[in-house]
Amino acid sequence: YLVDVPAIDSPRDFLVTYPERIDEYAVHTRSHPPGFILVLLGLDRLGLGGAGPAAALVIGAGAVGLAAVAIGVREVAGEAVARRAAPFLVLAPSALWIASTADALYAGVAAGGLALVTVASGRPGRSGWSRALAGGLLLGLCLTFSYGLWLAGLVVLPLLWHRRRLDLVPVAAAGALAVLGALRWVGFDYLAAFAATRREVAESVQSTRPLCLFLVLILAVLGIACGPAVVAGLARLRDRATWLLVGGALLLDHDDLLTPEKMTRPR
């Protein structure tokens, strides 16, 4: 992403022309929506350009995401369970990903949004609406990072149904749509950008990757990232509300299948 930052003079012009000029950018930039590169551009304008500040942001957001997961677990399973789970959040092999990929930022923002909606589900009446709206805004921000992260919104749906708080769904959705609406207002066509990314992938070596291979690899990598303790804990998990949240998170792990490179037909 960083190699494209110096070439952007105007963020608005970048957004407006992104679908037409997509082949001019690095592979990561043209494989994702422009949210992260806009964040990097903002850091650069503040005098915090380069890999150091970007890494600090990514690692910091990933670490905060672990706290957000703990908050969500506390909401559905109680303080004691959340405290017992906390060491495994910190020491799981997935910590390596937090220190090495921008996906940690995406995961941290998604976890924050999901935690807010989860907490909102436990607040009676309209008191949870403001939290649900804030959570929706963060989930909408996720959609500017990766095309596949719309699945994040589905993670809490089983829990909201279980707690009879489906009234929070339109509130959170309004927050997410507000983010995309703001991008559209400044001239960014999300669907056109997605179509352009699919075209780029179809013309690259990425289109030769078999989809069936990812169906197996995603589950294998998930098990490695979580570690044996988490896998064993899932086998012993009995609390229904917690399972609803964990099950949604397992679904989110397959967001990679909904990115343009996986949705393009393999050769």
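Residues numbered from 1 in each chain as written. Predicted model: local features only at pLDDT ≥ 70, side-chain atom pairs only at ≥ 80, totals over all residues. Heavy atoms only, no water.

Novice: So what's going on with the overall build of the chain? Residues and values would help.
Specialist: Counting its secondary structure elements, the chain contains 16 helices and 0 strands. The C-alpha atoms of the chain give a radius of gyration of 19 Å, which matches the 18 Å a tight globule of 267 residues would have. In the chain, which comprises 267 residues, the proportion classed as buried is 40%. Look at the contacts in the chain between residues 6 or more apart in sequence, and 80% of them connect residues 24 or more apart. When the accessible surface of the chain is split by element, carbon and sulfur atoms take 69% of a total near 13,700 Å². Each charge sign in the chain was given a centre, from 23 positive and 19 negative side chains, and these centres are 12 Å apart. (Helix = DSSP H or I, 4+ residues; strand = E, 2+ residues; numbered from the N terminus. Rg over C-alpha atoms; globule rule 2.2 N^0.38 Å. Buried < 20%, exposed > 50% of the residue type's maximum accessible area, 1.4 Å probe, protein only. Contact = heavy atoms within 4.5 Å. Areas by Shrake-Rupley, 256 points an atom, 1.4 Å probe, with all protein chains shown as cover. Lys, Arg positive; Asp, Glu negative; His and termini not counted. Charge placed at Lys NZ, Arg CZ, Asp CG, Glu CD.)

Novice: Before we move on, can you summarise the confidence of the model for the chain with the specific residues and values?
Specialist: In this model, the chain carries a mean pLDDT of 86, and residues with pLDDT of at least 70 account for 93%. Low pLDDT (under 50) marks residues 261-267, which in the prediction has 24 contacts with non-local residues, meaning those over four places away or in another chain. (pLDDT = per-residue confidence, 0-100.)

Novice: Please give an account of the pattern of salt bridges that cites residues and values.
Specialist: Oppositely charged side chains may form a pair once their charged atoms are brought near each other. In total, this model carries 8 salt bridges according to the counting rule given. The partner of Glu 75 in a salt bridge is Arg 163, with the nearest N and O atoms 3.0 Å apart. With Glu 75 in helix H4 (residues 51-77) and Arg 163 in the loop between helix H10 (157-162) and helix H11 (168-185), the pair connects residues that are 88 residues apart, well separated along the chain. Here Arg 165 makes a salt bridge to Asp 167, at a shortest N to O gap of 2.9 Å. What emerges from the salt-bridge pattern is a single network uniting Arg 74, Glu 79 and Arg 83. (Salt bridge = Lys/Arg side-chain N within 4 Å of Asp/Glu carboxyl O.)

Novice: Can you break down unusual backbone geometry residue by residue, with the values?
Specialist: At Arg 164, a position not held by glycine, the phi torsion is positive, near 55°. Note that Arg 164 resides in the loop between H10 and H11. With relative accessibility at 72%, the residue Arg 164 sits in the exposed group.

Novice: Lay out the nonpolar core in plain terms, naming residues and giving numbers.
Specialist: A general trend in soluble globular proteins is that nonpolar side chains are found buried together. In this structure, Phe 14, Tyr 18, Phe 36, Leu 40, Leu 105, Tyr 106 and Phe 188 are the most contacted members of the largest nonpolar core, which totals 34 residues. Apart from the residues lying within four places of it in its own chain, the contact partners of Phe 14 are Ile 8, Tyr 25, Pro 34, Ile 37 and Leu 38. (Core = buried A, V, L, I, M, F, W, Y, C linked by side-chain atoms within 4.5 Å.)

Novice: Tell me about the packing of H4 against helix H7 (residues 103-121), residues and numbers included.
Specialist: Between H4 and H7, the least distance of the axes is 7 Å, while the angle of their chain directions is 25°. As summarised for this structure, H4 and H7 are arranged roughly parallel, according to the angle between their axes. Seen along the crossing, H4 lies across H7 with a hand that is left-handed. Only Ala 104, Leu 105, Gly 108, Ala 111, Gly 112, Ala 115, Thr 118 and Val 119 of H7 make contact with H4, whose side of the interface consists of Leu 57, Val 58, Ala 61, Gly 62, Gly 65, Ala 68, Val 69, Ile 71, Gly 72, Glu 75 and Val 76. (Axes fitted to C-alpha atoms, helices over the stretch in contact; angles between N-to-C directions. Parallel < 35°, antiparallel > 145°, perpendicular 65-115°, else oblique. Left-handed = near helix turned anticlockwise from the far one by under 90°.)

Novice: Tell me about the side chain of Thr 144, residues and numbers included.
Specialist: Within the secondary structure, Thr 144 is located in the loop between helix H8 (129-143) and helix H9 (152-155). A relative accessible area of 5% means that Thr 144 is categorised as buried. Here the side chain of Thr 144 touches Leu 141 through a polar contact of 2.6 Å, landing on its backbone oxygen. Apart from residues lying up to four places away in sequence, Thr 144 is in contact with Pro 33, Pro 34, Gly 35, Phe 36, Val 179, Leu 180 and Leu 183. (Polar contact = N/O pair within 3.5 Å; in protein donor to acceptor, adjacent residues only side chain to side chain.)

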